[in-house]
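Architecture and fold: a report
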Amino acid sequence: MIVRLKFVYLAAIFLFLYAPIGVLMAQSFNESRYRGHWTGFTFKWYDSLFENEQIFDALQNTVSIGIFSAGIATIIALITCVALREFGKKPRAIFMGVANIPILNADIVTGISLMLLFMGMGLKLGYGTILLAHIVFNVPYVMLCIMPQFMSLDKSFYEAALDLGASPFQAFVKVILPELRPGIFAGFLLAFTMSADDFIITHFTKGAGVDTLPTEIYAELKLGIHPEMYALSTLVFFFVVIFVILFTMARKRLADKEVF
Amino acid sequence: MFKSAGVKTLFMTPFCLWAGIFIFVPLLCMIWYGLTNDDEIFTPANLTLAFEPPYFKALLLSIGLALVSTIICLLLAYPLCLILTDKARDLSTAVSLLFILPLWMNSLLLTMAWQTILEKNGIINQVLRYFNLPDVALINTPTAIIIGMVYNFLPYMVLPLYVSLSKIDKRIIEAARDLGASYMQTFWKVILPLSLPGAAGGMTMVFIPALTTFVISALLGGGKLLLIGNVIEQEFIAGYNWHWGAGLSMVLMIFILINMAVTIFFDNSHEEVEEK
């Protein structure tokens, strides 16, 4: 009885989570370009997706800003975590508290305050300011992923490497970095995801003519979304599903290997 | 790791520059705008604006909807996390993955899809009509906004709650059962108190974005239900009055600061575990 109740509960939650995704996918195959009118099945939006320059530009901006902002944020976070490990508990807690401000703050406040800063500095709002803003909010996410792993790292391996004649840099690259790889990878991926999905901060720090996918979608909302957008989302969804399945399988194989 | 304090300072430089220029200076800019008027004269008028009728109404509506969605998120997430922590590990990984997948979809498009589900001739009403039941008016009501908020922010509740529930030592629960506690007693006296930090973390993570959103209300409220976020966005983007917008944002900051205080209060507990 309880088992069945649990199953029903999980099913209800997943229906709630996946219903909009189902609607989105259905719309990508809908002949009509208007929401909620099913006029027949078609693949034409997938065809025209590759000819839609607006969407292609927005996609390009999203991916490049995602990679650059996540990459730069990862480097800053890594350097900071190296230094933070050497601080006492109290100052470290204070620094981590400061780092978490962009996460805990409301996006609208972060976005507006950054916009005021960029305007005050006389920067022209555009690709550069979006990239800067994304680096700003990505740094704490990467730090959150790296810091716990860094703290639980065994210092004696590093010291052993030094005793055996490695320079501190060599010891860091050969001993510490490999240990941190999962955290760095997770941090980069999280930062990329945050950047690609961010709408509010981009909305305030972007200039006219430069769009990422979320701001492009928002701009289209009033006139009706290009159905190509649904096609793109459906493709992205399946891409992520495949990636996640491969990733989980690879990790499981690795874990199995370690057991034997 | 390294002996010299100079290296430590050098390595902290990027962080300090980042925090200084991109966290503190922007906030100061905002406070400057919030406390001055067009003639650059200090005035509290932008702050007290929040208590004038149209703005105060938006603020109250935002607080109300954010509170309701936070509570719904908590009530939905708690049983879910209990089930997830209870399951065998392999199955639990698969279920958690299923849960995380929607996060990679664009949240604007998903909220948009809720429009298709909730609207007058939407999917819910079509289904109701099929069974000859009366229509329900959902779109452009506070209920629709709450559904949108719960949908968008439920993961922020589930993740911290799941972490704190899965950290509970199974032996403690077994001990409680061995000592004669019923399942309900074990839940109230053991599981619930131990999961409080996660629940508190989740609540702060949901409350702030729900309080400050302007996207969900714009999409599912039909532009008639203004939240404080919509008001602030219009002051800036439609170019009405930046000083007013900054002043209203400062009022929001009060809630954010309270939230940060709560987070820090509950955060102290696991700092010792991290230390090695």
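Just so we're clear, the structure is a prediction, and the values are computed from it rather than from any experiment.

Let's shift gears to helix 7 (residues 142-166) of chain B. Taking 1.5 Å as the rise per residue, helix 7 of chain B with 25 residues should run 36 Å; its terminal C-alpha atoms sit 34 Å apart, in good agreement. Phe153(B) marks the point of greatest bend in helix 7 of chain B, at about 45°, and the proline Pro155(B) comes within the next four residues.

It is worth spelling out the side chain of Ser217(B) at this point. Residues and elements named next belong to chain B. Its location among the elements puts Ser217 in helix 10 (residues 215-220). For Ser217, a relative accessible area of 0% puts it in the buried group. One polar contact links Ser217 to Asn230, side chain to side chain, over a distance of 2.6 Å. Once residues lying within four places of it in the same chain are set aside, the contact partners of Ser217 are Ile145, Gly222, Gly223, Leu225, Leu227 and Asn230.

There is a patch of nonpolar side chains on the surface, built from Ile123(B), Val127(B), Tyr130(B), Phe131(B) and Leu133(B) and spanning about 550 Å² of accessible area. Relative to the helices and strands, Leu133(B) is located in the loop between helix 6 (123-130) and helix 7.

For the structure shown, the criterion picks out four salt bridges over all chains. Residue Lys44(A) is joined to Glu31(A) by a salt bridge in which the shortest nitrogen-to-oxygen separation is 3.2 Å. In this pair, Lys44(A) sits in helix 2 (residues 44-49) while Glu31(A) sits in the loop between helix 1 (2-28) and helix 2, placing the two residues 13 residues apart along the sequence. The salt bridge partner of Arg171(B) is Asp169(B), with a shortest N-O separation of 2.8 Å. Classification of Arg171(B) by relative accessible area gives exposed; the value is 61%.

Here the focus is the packing of aromatic side chains. Scanning the model with the defined rule gives 27 aromatic pairs over all chains in all. On the numbers, 5.4 Å between centres and 85° between planes, the contact of Phe41(A) with Phe43(A) is edge-to-face. Across this residue pair, the class does not change: Phe41(A) and Phe43(A) are exposed. Centroid distance Phe15(B) to Trp18(B): 5.4 Å. Interplanar angle 45°. Geometry classified as tilted. Taken as a pair, Phe15(B) and Trp18(B) lie in helix 1 (residues 5-35) at a separation of three residues, close to a single helical turn. Overall, the relative accessible area of 1% leaves Phe15(B) in the buried class. Of the aromatic side chains, those joined through ring pairs into one cluster are Phe29(A), Phe41(A), Phe43(A) and Tyr46(A).

This paragraph deals with the interface of chain B and chain A. Taken residue by residue, the interface counts 76 residues in chain B and 77 residues in chain A. Buried area between chain B and chain A, summed over both chains or domains, comes out near 7,500 Å², and the portion from carbon and sulfur atoms is 80%. Taken together, the connections running from chain B to chain A amount to zero salt bridges. Where chain B touches chain A, the interface holds eight residue pairs in polar contact (both at pLDDT 80 or more). In terms of residue count, the dominant contributor to the side of chain B that touches chain A is helix 1 of chain B (18 residues). Residue composition of the side of chain B that touches chain A, by class: 57 nonpolar, eight polar and eleven charged.

Parameters and conventions
Residues numbered from 1 in each chain as written. Chains lettered and ligands numbered in written order. Predicted model: local features only at pLDDT ≥ 70, side-chain atom pairs only at ≥ 80, totals over all residues. Heavy atoms only, no water. Helix = DSSP H or I, 4+ residues; strand = E, 2+ residues; numbered from the N terminus. Expected span 1.5 Å × (residues − 1). Bend = angle between axes of the 7 residues up to and from the residue. Buried < 20%, exposed > 50% of the residue type's maximum accessible area, 1.4 Å probe, protein only. Polar contact = N/O pair within 3.5 Å; in protein donor to acceptor, adjacent residues only side chain to side chain. Contact = heavy atoms within 4.5 Å. Patch = residues over 30% accessible without salt bridge, like charges linked within 9 Å, V, L, I, M, F, W, Y side chains within 5 Å. Areas by Shrake-Rupley, 256 points an atom, 1.4 Å probe, with all protein chains shown as cover. Salt bridge = Lys/Arg side-chain N within 4 Å of Asp/Glu carboxyl O. Phe/Tyr/Trp six-rings, centres within 6.5 Å; stacked < 30°, edge-to-face > 60°. Buried area = accessible area lost by both parts, 1.4 Å probe. Nonpolar A, V, L, I, M, F, W, Y, C, P; charged D, E, K, R; others polar.

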